[in-house]
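This is what each chain is made of:
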Amino acid sequence: MSKKMINKKKPIRILHVTFAMDRGGMESRLMDLFRHIDRSRVMFDFLENTDRAGAYDEEIKNLGGKIFRSGYSRKNVLEAIRFVKSFFDKHNEYHVIHIHESYLPSFNMIVMYYAKKNRKRKIILHSRNANGPHRILHSLLKKQHCKKADYYFACSNLAAEWMFNKDVVSKKEYKVINNAIDVRKFLYDKYIRQKVRDDLGIKDEEIVIGHVGRFFEQKNHVFLIRLFQELSKIDNRYRLVLVGEGPLKNSIYQAVQDLGLEDKVLFLGVRNDMECIYQAFDVFLLPSLYEGLPGVGVEAQAAGLQCFFSDAITEEIKIVPELCEMLSLSDDIGQWCLKIVEKLSYLNNRRDIYEDMVLAGFDVKSVVSDLMLFYEEAYLT
């Protein structure tokens, strides 16, 4: 045990290593933790592996956190490496570093190297996904990557298997940190539902299929649009609402136009009021090619929505089983349509899901309490 003592007057500062802090799933869950943690005991700072500002940067500063940007981009890797080396030479105040990782190779490998080079810092390696690009390289690199970590977190068991080497997984040396949310914010509210639908021009009789996710290949928007096209043939009342941004957005928008569905599909971009937007949905659809444990799936269940997930997503997403259907991407799209139509009877029976979410460990307050104790213990070792 180290002789370090916790300064009662100053919080322990934990350095989170992330991408730009935009309104993605991982970033939103991390911000939920930051908002609810006792910031007189534990403070979050952020080393963002990017050369641009993030959507949450202003709130981070308002909560007392510091932001450092590596300047990383594919055009200036060497400059970013110099920044990281210099950063860890200067900043000795960070004894615990929490690295959020999705796949290898990544810039976080450089961060881990310099964080460990001259000091006995404690590194938490947190797996945030369950698949990704560069699969062969990822498999070759992850054993060496894991050696530099002291603790292992994952958003699901599937995410642990993806990121950590066989020894860590077989011995269960990792800790699953639920992608917990502020559940009360998302609970069903019929008055908010009506207001949002009015604002969006959605009629009472229309049935809204909702999807939240970046426009990346992983989220499988092409499949989603084809599915919606078939649903529209079954019933003209269906509307599709897409929330998010990303490099494939223009191509998906063009596909919607080519199919003549532009009057039925709403592109909302990035929203800062998702707790309200979910209220306007009737069904939530996430046909992803892979996920760690999608935070949007947690949010949708908290809002009492009937959810349809691809079976490429871990079964651990079934927090409230009665709300969840897992369907295969290899199934005919007609099978997906039939399942959705079968569940329509639930639409008028959305109930308060609060107790279910708390008992399953997905309310942020319970996760924050455990995490704060973990950080303090790691700081003292």
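Everything numeric in this text was worked out from a predicted model, so none of it was measured.

Asker: Summarise the sheet that holds strand β11 (residues 283-286); cite the residues concerned and give the values.
Answerer: Pairing between the strands of a sheet comes from backbone hydrogen bonds, and it takes one of two forms, parallel or antiparallel. If you walk across this open sheet you meet the 6 strands as β10-β9-β8-β11-β12-β13, and the pairing is parallel. Two strands in the sheet have a free side with no partner beyond their single neighbour: β10 (265-269) and β13 (324-327). If you compare each strand with its neighbour and ignore which way they point, the axes differ by 20° on average. Most of the contacts of helix α11 (residues 249-258) go to β10, to which it runs at about 165°, and overall it touches β9 (238-243) and β10.

Asker: Can you break down helix α16 (residues 364-380) residue by residue, with the values?
Answerer: Along its 17 residues, α16 runs 24 Å from first to last C-alpha, staying within 8% of the 24 Å computed at 1.5 Å per residue. Inspection of α16 places V364, V367, V368, L371, M372, F374, Y375, E376, A378 and Y379 among the buried residues, and these make up the whole buried set. Against the buried residues of α16 lie β1 (12-18), α1 (25-36), β2 (42-48), β4 (96-101), β5 (122-127) and β6 (151-154).

Asker: Break down the pairing of β10 for me, citing the residues and quoting the values.
Answerer: The two faces of a sheet get side chains in turn, since along a regular strand they alternate between them. Here β9 runs beside β10; their pairing, made up of 4 bridges, is parallel. Within the sheet, the bridge partner assigned to L242 lies in β10 and is F267. The handedness of the β9 to β10 crossover, carried by α11, is right-handed.

Asker: Got a sec to walk through the packing of aromatic side chains? Specific residues and values, please.
Answerer: Tallying each qualifying case throughout the model produces 20 aromatic pairs. Seen from their ring centres, Y152 and F164 are 5.2 Å apart, and the 65° between their planes marks the pair as edge-to-face. Of this pair, Y152 sits in strand β6 while F164 is found in the loop between α6 (157-163) and α7 (166-170), placing the two residues 12 residues apart along the sequence. Residue Y152 shares its accessibility class with F164, and that shared class is buried. Ring pairs connect the aromatic residues F68, F83, F87, F88 and Y94, which therefore count as one cluster. A cation over an aromatic ring shows up here: R184 above the ring of Y354, its NZ or CZ 3.8 Å from the ring centre.

Asker: Give a detailed account of unusual backbone geometry, specifying residues and quantitative values.
Answerer: With an omega dihedral of -5°, the bond running from L104 to P105 counts as a cis peptide bond. Although it is not a glycine, K172 adopts a positive phi angle of roughly 55°. Inspection of the secondary structure assignment puts K172 in the loop between α7 and β7 (174-176). Among the residues examined, K172 registers a relative accessible area of 53% and is labelled exposed. Unusually for a residue other than glycine, N220 sits at a positive phi of about 65°.

What counts and how
- Positions within a chain are numbered from 1, following the residues in the order the chain's sequence is written.
- In keeping with the predicted nature of the model, local features appear solely for residues at pLDDT of at least 70, side-chain atom pairs appear and are counted solely at 80 or more, and the whole-chain, interface and lining totals rest on all residues.
- Side-chain descriptors were evaluated using all non-hydrogen atoms of the structure, hydrogens and water having been removed beforehand.
- Strands qualify as paired when DSSP identifies two bridges or more between them.
- Each helix corresponds to a stretch of at least 4 residues labelled H or I by DSSP, and each strand to a stretch of at least 2 residues labelled E; elements are numbered beginning at the N terminus.
- To get an axis, a line is fitted to the C-alpha atoms, and for a helix only the part in contact is used. The angle between two axes follows their N-to-C directions and goes from 0 to 180 degrees.
- When checking whether two residues touch, look at their non-hydrogen atoms; a contact exists if any pair is within 4.5 Å.
- Multiplying one less than the number of residues by 1.5 Å gives the expected span of a helix.
- Partly exposed residues are those whose accessible area sits between 20% and 50% of the maximum for their type, while under 20% is buried and over 50% is exposed, using a 1.4 Å probe and protein chains only.
- The handedness rule is simple: strands pointing away from the viewer, and a clockwise path from the first strand over the helix to the second, make the crossover right-handed.
- For Phe, Tyr and Trp, rings pair up if their centres lie within 6.5 Å, where Trp contributes its six-membered ring, and each pair is then called stacked (planes under 30 degrees apart), edge-to-face (over 60) or tilted (otherwise).
- As a reminder, the over-ring test applies to NZ of lysine and CZ of arginine, requiring each to be within 6 Å of the ring centre and within 35 degrees of the ring normal.

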